[in-house]
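Single-letter residue listing:
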Amino acid sequence: MERSGYTQRKVADKTGLSCATISQYLKGVYNGNIDNVGGTLRDFLDRDTERAHRRDIKVHFVPTHLARVALNLISATHDFGDIGVIYRPAGMGKSMVLKEYVRANSANQ
């Protein structure tokens, strides 16, 4: 918890355990199912560690055909001072395209 900067409240919210259970477990005075609480906390910490490792992966923009179409639409929307909507399922690269547009056009501000 210290390494991740989590409070007992945040761990409780993320694990479904109560703050009292976590507090008692950490103090070594918990009278309930210690294996269950320990397993829940280990699972949470393992998932959190895995998530932190995934953040370390550097992802680079790949100008696919759809990415170029999206960049052109964003550019036209920007040029005309209009509002545009891009929608696709999660993981299709919408955020990457927007970040690339900002990166490529930040000098033009």
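Everything discussed here concerns the structure shown above.
Notes on the structure follow. (Residues numbered from 1 in each chain as written. Predicted model: local features only at pLDDT ≥ 70, side-chain atom pairs only at ≥ 80, totals over all residues. Heavy atoms only, no water.)

1. Thoughts on the pattern of salt bridges
Argument step 1. Here the structure, examined in full by the defined rule, presents 3 salt bridges.
Argument step 2. R9 is the partner of D13 in a salt bridge, and the nearest nitrogen-oxygen pair spans 3.1 Å. With D13 and R9 both in helix α1 (residues 8-15), this residue pair falls 4 residues apart, about one helical turn.
Argument step 3. Since its relative accessible area comes to 55%, D13 is described here as exposed.
Argument step 4. For R9, a relative accessible area of 47% translates into the label partly exposed.
Argument step 5. Put simply, D48 and R51 hold a salt bridge, and the shortest N to O gap is 3.6 Å. With D48 and R51 both in helix α3 (residues 34-55), this residue pair falls 3 residues apart, about one helical turn.
Argument step 6. Judged by its relative accessible area of 7%, D48 is buried. (Salt bridge = Lys/Arg side-chain N within 4 Å of Asp/Glu carboxyl O. Helix = DSSP H or I, 4+ residues; strand = E, 2+ residues; numbered from the N terminus. Buried < 20%, exposed > 50% of the residue type's maximum accessible area, 1.4 Å probe, protein only.)

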